[in-house]
Amino acid sequence: LDIFLLIIGALILIPRPVFIEYIKLSGNSIDNSGKTIKSLEENSKHRIISSEILSCLGDKYSLIILFSTLGSTLLLSSSDLLSMYLSIELQSFGVYILATLFKDSGLATSAGLKYFLLGGLSSCLILFGSGLVYFYTGLTNLESIYSLISANGLNSGTGITLGITIIVIGFLFKIAAAPLHNWAPDVYNDSPTIVTIWLTIMPKISILIFLLDLFIGGSSWTNNVSVASSITDQASHLAQGGFAIKNLLLLSSLFSLIIGTVVGLAQSKIKRLLAYSTISHIGFLLLALSINSEQSVESFIFYIVQYSITNLNTFLIILALGYLNFFNKFFDNKKKFRLGAYSDNKNIEVIDIRLITELKGQFLSNPLLSISLAICLFSMAGIPPLIGFFSKQMVLYSAMQSGYYFMSIVAIIVSVISASYYLKIVRILF
């Protein structure tokens, strides 16, 4: 899982050097006579992207990404409440700064502020829950807490149950699970796409894996115990008093499936729609997590892998289409810059695709990218024989095997409904 996290992070960073080259290329402009070439830094009246954005994508961007990645990898291996909290804060502060990195963009600044304030609230919940667990057990080591729960049962102390529940609520806040999702569409939509890719994928992978660790007893994964036996043992212990946590995850899964699908139908902005799509996928992941069987854990991990790859590919294609639209708009066939098209505009938003209607007719100009995007959207919708179908099938099969028929029916219905807004994008695309 560490290797997978780092590979996904490396793939997300692919657009950065391309982005820098595009900014450098647009740094030269040709005047109306076609004779004088001026640098954008020298000619402030005809500026499209400020030099500050170019510097932001340099050392600052790389350093913040490294800190955020370090926090994610440390969270995967955390075995103590204190190390868990410090790891998630290291990861979170990295993405807060990343969201506000482009200071010339008013939307990005407001998105980062909203992310910071609401992310701080979720961090407070996690710290408060950890404090409650420590108050009632005197322990911060997760393995010791699991042993105490297995010996006495979770019902022996309602404070432990309350503390773990509050920690889980804090994590649900951070992964934008409904009904704690309101911040996500605004933040994802207002951040530059090159930053949104990181925000939507990397923090979720580490937090979801840690939730899996927390829910089934993370110590058994590091003690060379078979997965099957560890899940059976921990499930029997958690069954004594962990129904509140299980019901919390099921309730959040139900809300995520319904809200992520129904509200997504009304969206006209591409990143807001993908944000609600992500919330719907979180519903499937939480359903697999709450079932807590060997088969559901396998489906959970498989779903994370396919979600990360498909979502990453979708955002990279949208970013590429945005670059191509930018150059098609401001350059003619001879690649001569059209002077004064967007004078004194320092916002990075000129590159990003924001509205779904901006994808209209892309198949005619970029057929390969359009077909790739359509395949990714079909996979998200769960259409066979694409990988998204098999991940949803595994989750639904494990839910049916464990007797969660109502949740399975809801998940199937919302999958069919959500296919309509994916098809809407494909229709506009072609």
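Our subject is the structure that appears above.
The structure reproduced in this document is the subject of the present report. The structure displayed is predicted, hence computed values, not measured ones.

The subject of this paragraph is the overall build of the protein. If you tally the helices and strands in the protein, you get 17 helices and 2 strands. The buried share of the protein, reckoned over its 430 residues, is 56%.

The α-helix winds at 3.6 residues per turn, so residues separated by three or four positions along the chain end up facing the same way. Most of helix α8 (residues 183–190) is tucked away, with 7 of its 8 residues classed as buried. Turning to α8, its buried residues are W183, A184, P185, V187, Y188, N189 and D190. Here the buried face of α8 lies against α5 (106–137), α7 (158–174), α9 (193–216) and α12 (270–291).

A few words on the packing of α7 against helix α11 (residues 243–262). For the pair α7 and α11, the least separation of the axes is 10 Å and the interaxial angle reads 20°. When the axis of α7 is compared with that of α11, the two are roughly parallel. For the pair α7 and α11, the sense of crossing is right-handed. Across the interface between the two elements, T161, I164, T165, V168, I169 and L172 from α7 touch A244, I245, L248, L249 and S252 from α11. Its residues placed into classes, the contact of α7 with α11 shows 8 nonpolar, 3 polar and no charged.

Here the focus is the environment of V410. Mapping V410 onto the fold places it in helix α17 (residues 405–429). By relative accessible area, which is 12% here, V410 ends up buried. Between the C-alpha atom of V410 and that of L257, which follows or precedes it by 153 residues, the distance is 7.8 Å. Leaving out residues up to four positions away in the same chain, V410 has contacts with L254 and I258.

So, about empty space enclosed by the protein. As enumerated under the stated definition, the model contains 4 cavities of 30 Å³ or more in all. Size it by volume and the second largest cavity reaches roughly 100 Å³. Every residue lining the second largest cavity is counted, 13 residues in all, and those nearest its centre are S92, Y96, Y115, K174 and W183. Of all elements in the fold, only α4 (81–99), α5, α7 and α9 reach the threshold of two or more residues within the lining of the second largest cavity.

A separate point is unusual backbone geometry. The omega torsion of the bond from A178 to P179 falls at 5°, within 30 degrees of zero and hence cis. In this structure, P179 sits in the loop between α7 and α8. Look at the link from P384 to P385: it is a cis peptide, with omega at 5°. As for its position among the elements, P385 is in the loop between α15 (367–381) and α16 (387–401). Positive phi values are uncommon outside glycine, yet A176 reaches one of about 65°. Along the chain, the position of A176 falls in the loop between α7 and α8. In the Ramachandran plot, N292 falls in the positive-phi region, its phi being about 60° despite a non-glycine side chain. Mapped onto the elements of the fold, N292 is located in the loop between α12 and α13 (294–330).

Along the polypeptide, S78 turns up in the loop between α3 (51–76) and α4. For S78, a relative accessible area of 7% corresponds to the buried category. For S78, the side chain forms a polar contact with the main-chain oxygen of L74, separated by 2.8 Å. Sequence-distant contacts of S78, that is, excluding residues within four places in its chain, are made with S83, M84, S87, L142 and F210.

Calculation notes
Residues numbered from 1 in each chain as written. Predicted model: local features only at pLDDT ≥ 70, side-chain atom pairs only at ≥ 80, totals over all residues. Heavy atoms only, no water. Helix = DSSP H or I, 4+ residues; strand = E, 2+ residues; numbered from the N terminus. Buried < 20%, exposed > 50% of the residue type's maximum accessible area, 1.4 Å probe, protein only. Contact = heavy atoms within 4.5 Å. Axes fitted to C-alpha atoms, helices over the stretch in contact; angles between N-to-C directions. Parallel < 35°, antiparallel > 145°, perpendicular 65-115°, else oblique. Left-handed = near helix turned anticlockwise from the far one by under 90°. Nonpolar A, V, L, I, M, F, W, Y, C, P; charged D, E, K, R; others polar. 1 Å grid on protein atoms, 1.4 Å probe; cavity = no way out; pocket = protein on both sides within 12 Å on 5 of 7 lines; lining within 4 Å. Points joined across faces, edges and corners; volume = space filled by probe spheres on them. Polar contact = N/O pair within 3.5 Å; in protein donor to acceptor, adjacent residues only side chain to side chain.

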